[in-house]
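# Secondary and tertiary structure notes
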Amino acid sequence: DTIVNVLTHLDKTIVAVGTTSLRTLESLYWLGLKLLTQPANPGLEIHQWEPYEYKGAQIPAADALQALLQWLKLKNKKRLLSRTQLMIAPGYQARIAKGLITNFHQPRSTLLLLVAALAGKDWKKIYDYALQHDFRFLSYGDGSLVWFS
């Protein structure tokens, strides 16, 4: 149902709630891309830096998600079980989500790296503002809405 739901809402602005949701949504794209580009042996998992090897990938998100749905139907499966180690870092281009609701993350963390990748150079302004206004950081802290640049 999740893949169908995302597929039917691609024409709208999809905002991930939390970094895990974002990584899941983006991993769906890369799994579909693997099915389309490596149909004989797609290996349905995403390794940490694997998406960066597909720099020129211009497959529309709808095609990637449709490939996943077709694979599920072909395999007579109702759900997709996969692993992802997707690392979202500067240089990453989001394929499905257009925004992220998240809390403020620790300096030098991979989650801050994820925010920096998606917010672009403005990530420093976001965090400077939060620091100047005594925002709370970490899991039970204040939240932010980041639109991808």
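A short tour of the structure in this document, coming up. Quantities reported herein were computed from a predicted structural model and do not represent experimental measurements. (Residues numbered from 1 in each chain as written. Predicted model: local features only at pLDDT ≥ 70, side-chain atom pairs only at ≥ 80, totals over all residues. Heavy atoms only, no water.)

## Some details on the layout of surface pockets
By volume, the largest pocket amounts to about 400 Å³. Lining the largest pocket are 18 residues, with Thr2, Ile3, Leu28, Arg79 and Leu80 sitting closest to its centre. Secondary-structure elements contributing two or more residues to the lining of the largest pocket are helix 1 (2-8), helix 2 (19-37), helix 3 (61-74) and strand 3 (83-84). Partitioned by chemical class, the residues of the lining of the second largest pocket number six nonpolar, three polar and two charged. (1 Å grid on protein atoms, 1.4 Å probe; cavity = no way out; pocket = protein on both sides within 12 Å on 5 of 7 lines; lining within 4 Å. Points joined across faces, edges and corners; volume = space filled by probe spheres on them. Helix = DSSP H or I, 4+ residues; strand = E, 2+ residues; numbered from the N terminus. Nonpolar A, V, L, I, M, F, W, Y, C, P; charged D, E, K, R; others polar.)

## Details of the packing of aromatic side chains
Inspection of the entire model under this criterion finds eleven aromatic pairs. Of the aromatic side chains, those joined through ring pairs into one cluster are Tyr29, Trp30, Trp49, Tyr52, Tyr54 and Tyr92. (Phe/Tyr/Trp six-rings, centres within 6.5 Å; stacked < 30°, edge-to-face > 60°.)

## A closer look at the nonpolar core
If you look at the biggest cluster of nonpolar residues, it comprises 42 residues, and the most contacted ones within it are Leu22, Tyr29, Trp30, Leu65, Ile88, Ile96 and Leu118. Elements that contribute at least two residues to this core include exactly helix 1, helix 2, helix 3, helix 4 (110-119) and helix 5 (123-132). Other than its neighbours up to four places away in sequence, Leu65 contacts Ile3, Val6, Leu7, Leu10, Leu28 and Ile96. (Core = buried A, V, L, I, M, F, W, Y, C linked by side-chain atoms within 4.5 Å. Buried < 20%, exposed > 50% of the residue type's maximum accessible area, 1.4 Å probe, protein only. Contact = heavy atoms within 4.5 Å.)

## Some points on the side chain of Thr102
With respect to the helices, strands and loops of the structure, Thr102 is situated in strand 4 (residues 99-103). The exposure class assigned to Thr102 is buried, which follows from its relative accessible area of 7%. One polar contact links Thr102 to Asn103, side chain to side chain, over a distance of 3.4 Å. A polar side-chain atom of Thr102 sits 2.8 Å from a polar atom in the side chain of His105. Contact partners of Thr102, with chain neighbours within four places excluded, come to Thr19, Val115, Asp142, Gly143 and Ser144. (Polar contact = N/O pair within 3.5 Å; in protein donor to acceptor, adjacent residues only side chain to side chain.)

## Observations regarding the pairing of strand 5 (residues 143-147)
Burial along strand 5 is one-sided: Ser144 and Val146 are buried, and none of Gly143, Leu145 and Trp147, which face the opposite way, are. Where strand 4 meets strand 5, five bridges bridge the pair, whose relative direction is antiparallel. Bridged to Asn103 within strand 5 is Gly143. (Pairing = 2+ DSSP bridges.)

## Overview of the sheet that holds strand 4
On the basis of which strands lie adjacent, the open sheet formed by three strands has the order 1-4-5 and mixed pairing. Two strands lie at the open edges of the sheet, namely strand 1 (15-17) and strand 5, each paired on one side alone. This sheet shows a mean twist of 20° between the axes of neighbouring strands, independent of strand direction. Against the sheet, helix 2 makes contact with strand 1 and strand 4, and its axis sits at roughly 130° relative to strand 1, the strand it touches most. (Axes fitted to C-alpha atoms, helices over the stretch in contact; angles between N-to-C directions.)

In short, geometric facts, not functional conclusions.
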